[in-house]
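Geometric and topological summary
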Amino acid sequence: MPIENTLSIIKPDATKRNITGLINAKIEKAGLKIVAQKRIMLSKELAEKFYSVHKDRPFFNDLVNFMISGPVIVQVLRGENAVSLNRSIMGATNPTDAEEGTIRSEFAQSVEANSVHGSDSLENALKEISFFFAEIDILI
């Protein structure tokens, strides 16, 4: 199985409730290693640029405003099939559809305030990681 890196963001709803450690414990228990991590406050410009793929969608402005409403934890996760494993750990975007035991089933408050973001493909993972981290920041 290939060793991959993927991006994870712990969103403002989770940082406000001080549950980042609980979320990271689930990530690590599943076998992913956190190889880079930082707590940041996204500016509106950065959030718009990061989520630009959604710029024409009706939820874009709400998403940007939510993501700038408080600090986030951006991190690089590493492990076997990291992209798909992290998506499995996160659960469905809508917490009512998320499988029991996933991050979103346990911690999400709504579809928008669903506690975490994760890259949806290896290609996007590479782009998203480089958006927030330089190679020197990633310690394997």
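Relevant structure appears above.
Keep in mind it's a predicted model, so treat the numbers as computed, not measured.

Within soluble globular proteins, side chains that are nonpolar tend to cluster in buried spots. Residues I9, M67, F132 and F133 are the most contacted members of the largest nonpolar core, which totals 22 residues. By residue number, the principal contributor to this core is helix 4 (residues 60-67), which donates five residues.

Attention now goes to the sheet that holds strand 3 (residues 72-80). Taken together, four strands build an open sheet; the order of strands is 2-3-1-4 and the sheet is antiparallel. Across the chains shown, the open sheet's two edge strands, defined by having one partner strand only, are strand 2 (33-40) and strand 4 (116-118). Pairs of neighbouring strands in the sheet enclose a mean axial angle of 20°, with direction left out of account. Two elements, strand 1 (residues 3-10) and strand 3, share eight bridges in a ladder whose sense is antiparallel. If you follow I9 over to strand 3, its bridge partner there is V74. Here helix 5 (residues 82-90) sits on the sheet in contact with strand 1, strand 3 and strand 4, set at roughly 35° to strand 1. Running over the sheet, helix 7 (residues 122-132) touches strand 1, strand 2, strand 3 and strand 4 and is turned about 60° from strand 1.

What counts and what doesn't
- Residues numbered from 1 in each chain as written.
- Predicted model: local features only at pLDDT ≥ 70, side-chain atom pairs only at ≥ 80, totals over all residues.
- Heavy atoms only, no water.
- Core = buried A, V, L, I, M, F, W, Y, C linked by side-chain atoms within 4.5 Å.
- Buried < 20%, exposed > 50% of the residue type's maximum accessible area, 1.4 Å probe, protein only.
- Helix = DSSP H or I, 4+ residues; strand = E, 2+ residues; numbered from the N terminus.
- Pairing = 2+ DSSP bridges.
- Axes fitted to C-alpha atoms, helices over the stretch in contact; angles between N-to-C directions.
- Contact = heavy atoms within 4.5 Å.

Just geometry here; none of it tells us what the structure is for.
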